[in-house]
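Structural overview for review
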Amino acid sequence: MTTTPVRRETRSLTARQRLGRLDVKLSPYLYIAPFFIVFGIVGIFPILYTAYISLQDWDLVRNTGEYIGFEHFTWVLQDREFWIALRNTFSIFLLSSVPQILVATFIAYQLDHNLRAKTFWRMGVLLPYVVAPVAVALIFSNMFGDKYGLVNTVLNDLGLNSILWHTDVIPSHIAIATMVNFRWTGYNALILLAAMQAIPRDLYEAAAIDGASSLRRFFSVTVPQIRPTLIFVILTSTIGGLQIFDEPRMYDQTGTGGANKQWLTLTMYLYNTGWGKFDFGRAAAIAWILFLIIVAFSLINFFITRRLVADDASGGKR
Amino acid sequence: MSVSRKASLGMVAGTAAFAIALTGCGGSSSPEGSSSADGDTTGGEPVTLTVATFNDFGYTDALLQEYMDANPNVTVVQNIAATSNDARTNYFAKLGAGGLADVEAIEVDWLPEVMQYADLVEDLSSADVEGRWLDWKTEAATDPDGRLIGYGTDIGPEAICYDAAKFEAAGLPTDPAEVASLLEGDWAHYFEVGEQYQAGGGGAWFESANATYQGMINQVAAAYEDPDTGEIIATDNAEVKDLFMQVTEAAGDLSAHLPQWSDDWFAGLAQSEFATLLCPGWMLGVVQGAAPDTTTWNVADVFPGGGGNWGGSYLTVPSSGENLEEAKKLAAWLTAPEQQLKALAAAGTFPSQTDALADLDAINAAFASGDSPTKAEYFNTDSLGDIFSSRADAVSVAPFKGEFYFQVNDIIQNALTRVEDGSQDATTSWDQAVAEISALG
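Quick caveat, the model's predicted, so the values are computed rather than measured.

Brief notes about the overall build of chain A
Of regular secondary structure, chain A possesses 14 helices and two strands. Taking 318 residues into account, the globule formula puts the C-alpha radius of gyration at 20 Å, and chain A, at 27 Å, lies well above it. When its C-alpha atoms are laid out on the principal axes, chain A stretches across 95 × 75 × 35 Å. Within the span of chain A, comprising 318 residues, buried residues form 32% of the whole.

This is the structure we're talking about:
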């Protein structure tokens, strides 16, 4: 088609037609505008305002600040507690995410079989997710008591020594990771199950006819097929794991991370600085550092993800 | 949840921006509002006053109704926060921005922080209330310019609670009067009696080094900061280090190593794991709640090293309120001796008012009222009022608590916990605390 008719059309447009054209062009943006306006108010603005406060010696009550440059950032990066919190956050993240995803994959694989009362079992694994995290933390804190906790009582009955859940670093991380796992394993299992159900059954049949064992079918059919979902699950638990707060905060009565900061996480460090010491300038600096850490981590994950997907594609071509 | 934490911080930052505008208005309009003095006559314009408290102040509906009956133009509404910490967060989030209740309760724990913003709350001093409270209670709430920023409600004079059955088994006296004379003396003596108790076959003498240290440090007039300059002196103050070393050494044998308020601590209380407990008046309810089946807890009218106070609250009137005069009147009424005695009966909040403290019969009666078993029945004595009044009289020191008091105290408490749980020895732990304190500010 030539462009002449179009040009003629434009020239002879009535006001009504112009409005109609504007409607077509603008409407989509207007429809998505509410989200971005709300996001701007509750997302972008606080982030920028936090950056502004992080450069000030801020007084929350008087709402005044004195510009001090990047002093808060250098202070935080030199603070022993910050590095301990970073160590704890990654340690708890690894202790929770790794076993969680392994177990979730295993549970999902079992649920993918033809079970009696399927819905019952599937609902069952989701149940812990429905329990409020603070309630979970209360129950588990009680179980992990140093002297009268259920776990140590059982260990003692078996003739083993008590584990000092609130004193030693790794046991405290394991206890907190247990709470996280209790809550999220079933949820991840259901997501993985959904991916597994989408795998064409003839792939399994073909593999079975070729003589692949059940184990071989799992590793050579199931795992490659659910890889994109696995990556999604890993990404979400990374972001969640780096922001872990409820469980460690509810882990003891003061909620400040232990006498030697054994289970202080970055978000707790942020909270303690803001609402414990009312030093909001410094808390804002911590918030930004945490933000940058999460962005960096997400980028790393993004590149790994692309790499894996690319591998998958080239494998398919071969 | 972690996401919402971040979000709420952002919200605070956001509201802070709007608040600048708000305080701009509030600052200019509220003095005009108070100068109209319409609150001086009862039966004036109808006003609604809000009172914000936390935990249980004992301000029952009946008590508030009494005030409304006497002042028909006033409606009183009470907001109760679940914990002192919630109230603290709310207080400082709104103190500058506006939006606090007309009468706001504060706890002595965060009084030093409120003191930094003394100009944002009303000066409550007046001839009517002069001498109403114990001197040290009033002094703590008076700023350097002589303004009284809070009316005292309750105090926590400390006595010693002890388990008579355990004392008897270890060959110690069991009668409260005899125990009082047995424990009379300084902290070293208290620890000696503990060794005596263990020599007689007893177990742990006290709950933890932390709680014991808290009792000791509350008797030091200027522990962590110089009252004149506000400088941190904790690491140079030999007294602090001495107490730290003394309590950690004693705790080696005598402590049950149960961090206060932990799950283990409550379980330990229920199972009678230790023989003595530092007992402010409000602790009676905690003991009774944790160990309802024990019948052998008693209270002795004694405290090592002289008197000691733990906890207590004040009522403040934030300057951003609209009915400042009416709010002051209500705060003065609520903290009058007669009302405080009613609050004591309702919630066990021990009075800080000298007239109420002098009325021993009324205090004894308040302890003997309420649900069965009453405190008097549970602790096997009719004279809880006498005991705690005498303990309140024994308090002579109002420890200076400045801007850094609670951060320093927190660091030292953590250091004590590290020794208690065996993860560090006393010297290493103290050195770490010194390093942490030096990094403050």
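Now that the structure is up, let's keep going.
Comments concerning the overall build of chain B
The number of helices and strands found in chain B is 20 helices and seven strands. Rg of the C-alpha trace for chain B: 23 Å, near the compact-globule value of 22 Å for 441 residues, within the 12% margin. With the principal axes as the frame, chain B shows a C-alpha extent of 70 × 50 × 45 Å. Relative to all contacts within chain B whose residues are 6 or more apart in sequence, the contacts with residues 24 or more apart total 76%.

Quick word on helix 19 (residues 405-420) of chain B
Residue and element names in this part refer to chain B. For helix 19, spanning 16 residues, the distance from its first C-alpha to its last is 22 Å, which sits close to the expected 22 Å at 1.5 Å a residue. With 12 of 16 residues buried, helix 19 lies mostly within the body of the structure. Within the span of helix 19, buried status applies to Y405, V408, I411, I412, Q413, N414, A415, L416, T417, R418, V419 and E420. Elements that come into contact with the buried residues of helix 19 comprise helix 4 (111-115), helix 9 (209-217), helix 10 (238-254) and helix 20 (426-438).

What to know about the domain arrangement of chain B
Note: interface size is frequently given as the accessible area lost on complex formation between the parts. Residues and elements named next belong to chain B. For chain B, the assigned domains read domain 1 (2-155 + 312-357) and domain 2 (156-310 + 381-438). Listed as interface residues are 11 residues of domain 1 and, on the opposing side, 16 residues of domain 2. Its residues placed into classes, the side of domain 1 that touches domain 2 shows seven nonpolar, three polar and one charged.

Notes on the UniProt feature "domain: ABC transmembrane type-1" (unreviewed entry) in chain A
Per the UniProt record, the feature "domain: ABC transmembrane type-1" (unreviewed entry) sits at residues 86-301 of chain A. A distance of 18 Å separates the end C-alpha atoms of residues 86-301 of chain A, which is 75% helix and 0% strand.

Some words on the UniProt feature "transmembrane region" (unreviewed entry) in chain A
Residues and elements named next belong to chain A. UniProt marks residues 29-52, 90-111, 123-143, 226-245 and 285-304 with the feature "transmembrane region" (unreviewed entry), using the numbering shown here. As a span, residues 29-52 carries 100% helix and 0% strand, and end to end its C-alpha atoms are 30 Å apart. Taken end to end, residues 285-304 is 100% helix and 0% strand, and its two terminal C-alpha atoms sit 29 Å from one another.

Some remarks on the domain arrangement of chain A
Partitioning chain A into domains gives domain 1 (4-53) and domain 2 (72-317). Once you take the C-alpha centre of each, domain 1 of chain A and domain 2 of chain A turn out to be 40 Å apart.

Structural notes on the nonpolar core
Ranked by size, the top nonpolar core spans 154 residues in total, and within it I286(A), V103(B), A159(B), I160(B), A331(B) and V408(B) carry the most contacts. If one sorts the elements of this core by residue count, helix 14 (residues 280-317) of chain A sits on top with eight residues. In this structure, I101(A), A104(A), A108(A) and L192(A) belong to the second largest nonpolar core, which totals 12 residues.

Side note on the environment of W133(B)
All names here are of chain B. Structurally, the position occupied by W133 is in the loop between helix 4 and helix 5 (135-140). A C-alpha to C-alpha distance of 9.3 Å links W133 and A356, two positions 223 residues apart in sequence. In this view, W133 contacts T138, G152, S352, Q353 and T354; residues no more than four positions away in its chain are not counted.

Re the pairing of strand 7 (residues 309-316) of chain B
Residues in a regular strand project their side chains so that they alternate between the two faces of the sheet. All names here are of chain B. Counting buried positions over the eight residues of strand 7 gives eight, a clear majority of the element. For strand 3 (residues 103-107) and strand 7, the ladder comprises four bridges, and the chain directions are antiparallel. Residue A105 lies in a different strand from strand 7, and its bridge partner there is L315.

Points about the confidence of the model for chain B
Residue and element names in this part refer to chain B. Put simply, chain B has an average pLDDT of 86, and 90% of its residues get 70 or more. The low-confidence segment residues 1-42 (pLDDT under 50) makes 57 contacts with residues lying over four places distant or belonging to another chain. We note a pTM of 0.79 for the whole complex and an ipTM of 0.74 for its interfaces.

Structural notes on helix 2 (residues 15-53) of chain A
In an α-helix there are 3.6 residues to a turn, and that puts residues three or four apart on one side. Residue and element names in this part refer to chain A. Taking 1.5 Å as the rise per residue, helix 2 with 39 residues should run 57 Å; its terminal C-alpha atoms sit only 50 Å apart, a clear shortfall. The largest bend in helix 2 comes to about 45 degrees, at L26, with the proline P28 one to four residues further on. In terms of burial, helix 2 is largely open, as just three of its 39 residues are buried. Taken together, the buried positions of helix 2 are occupied by P46, T50 and I53.

A look at unusual backbone geometry
Residues other than glycine seldom take positive phi values, yet W261(B) does so here, at roughly 75 degrees. Summarising the element assignment, W261(B) is placed in the loop between helix 10 and helix 11 (263-270).

Describing the pairing of strand 1 (residues 47-54) of chain B
All names here are of chain B. The sheet contact formed by strand 1 and strand 2 (residues 74-81) spans eight bridges and is parallel. Residue L49 lies in a different strand from strand 2, and its bridge partner there is V76. Each parallel crossover has a hand, and the one from strand 1 via helix 2 (residues 61-70) to strand 2 is right-handed.

Each value, and the rule that gives it
- Residues numbered from 1 in each chain as written.
- Chains lettered and ligands numbered in written order.
- Predicted model: local features only at pLDDT ≥ 70, side-chain atom pairs only at ≥ 80, totals over all residues.
- Helix = DSSP H or I, 4+ residues; strand = E, 2+ residues; numbered from the N terminus.
- Rg over C-alpha atoms; globule rule 2.2 N^0.38 Å.
- Buried ≥ 20, exposed ≤ 12 C-beta atoms within 10 Å, placed from the backbone.
- Contact = placed C-beta atoms within 7 Å.
- Expected span 1.5 Å × (residues − 1).
- Domains from an automatic or database assignment.
- Nonpolar A, V, L, I, M, F, W, Y, C, P; charged D, E, K, R; others polar.
- UniProt positions renumbered as here; feature names shortened; annotations may be inferred.
- Core = buried A, V, L, I, M, F, W, Y, C linked by C-beta atoms within 7 Å.
- Pairing = 2+ DSSP bridges.
- pLDDT = per-residue confidence, 0-100.
- Bend = angle between axes of the 7 residues up to and from the residue.
- Right-handed = clockwise from strand over helix to strand, strands pointing away.

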